[in-house]
Amino acid sequence: MASSASIPHRYSNVRAGSPADTDARLRWVDHVAHLMDSQFRLPGTNFRFGLDPLLGLIPVVGDLGTFAVSATLIMTMVRHGASRKVIVLMVLNVLLDTIIGSIPIIGNLFDFAYKSNERNVRLLRRHYAEGRHQGRGTGIIVAVAVGLLLMFGLVAWGLWKVLLWLWQYGEQHWTL
């Protein structure tokens, strides 16, 4: 893992010795966010990208995998006192990344530019720097999780209905 000296001004507005710097789990969040969003550099340029856009090239499974990693990062941040406002902003970042990232071609390009995990780490670090890290957003996370489960349930139901319709249409029109 790179030392903080090798990361130029990445979190220059964060006080040294804040809980965001000293807690190993929050360092883990920073490390995973870097891996997902900017681990690799395009040779000859300053353009950085991570595993998120690469995994996004795998239809459905890649986007769900990166969503799961982002959700895990958010849950870790929640356990460390992120406020409701910060959590809502983090969830919006991840939802935007997941929804637009799932669009073929456009989403793949978007994944290379929009780094939701690093944005979320910056939000958390700014929150810590302001000294307001005592809040707990567990209630809002439960509400968001229930909402996401309902949304995924509706998408699964809609997909099932479309597939059923296609099957029936195919039986009626595509028989040999």
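Since the model is a prediction, treat every value here as computed from it, not as a measurement.

Let us now look at helix α7 (residues 116-129). Between its first and last C-alpha atoms α7 spans 20 Å; for 14 residues at 1.5 Å apiece the expected length is 20 Å, and the two agree. α7 sits mainly inside the fold: eleven of its 14 residues count as buried. Within the sequence span of α7, burial applies to Ser116, Asn117, Glu118, Asn120, Val121, Leu123, Leu124, Arg125, His127, Tyr128 and Ala129.

Located in the positive-phi region is Ile105, a residue other than glycine, with phi close to 65°. Tracing the chain through its elements places Ile105 in the loop between α5 (84-101) and α6 (106-113).

Turning to the pattern of salt bridges, a few remarks are in order. Within this structure, the stated rule accounts for one salt bridge. Residue Arg125 pairs with Asp30 through a salt bridge whose shortest N-O separation is 4.0 Å. Of this pair, Arg125 sits in helix α7 while Asp30 sits in helix α2 (residues 24-38), and the two are 95 residues apart along the sequence. Overall, Arg125 belongs to the buried group, its relative accessible area being 6%. What makes Asp30 buried here is its relative accessible area of 12%.

Further remarks concern the packing of aromatic side chains. This model, assessed by the stated rule, comprises seven aromatic pairs. The interplanar angle of 45° and the centroid separation of 5.8 Å between the aromatic rings of Phe40 and Phe49 together place this pair among those described as tilted. Taking the relative accessible area as the measure of exposure, Phe40 reaches 34% and is therefore partly exposed. With 5.6 Å between their ring centres and 65° between their planes, Phe49 and Phe112 make a pair best called edge-to-face. You can see Phe49 sitting in strand β2 (residues 48-49) and its partner Phe112 sitting in helix α6, a full 63 residues away along the chain.

Criteria and thresholds
Residues numbered from 1 in each chain as written. Predicted model: local features only at pLDDT ≥ 70, side-chain atom pairs only at ≥ 80, totals over all residues. Heavy atoms only, no water. Helix = DSSP H or I, 4+ residues; strand = E, 2+ residues; numbered from the N terminus. Expected span 1.5 Å × (residues − 1). Buried < 20%, exposed > 50% of the residue type's maximum accessible area, 1.4 Å probe, protein only. Salt bridge = Lys/Arg side-chain N within 4 Å of Asp/Glu carboxyl O. Phe/Tyr/Trp six-rings, centres within 6.5 Å; stacked < 30°, edge-to-face > 60°.

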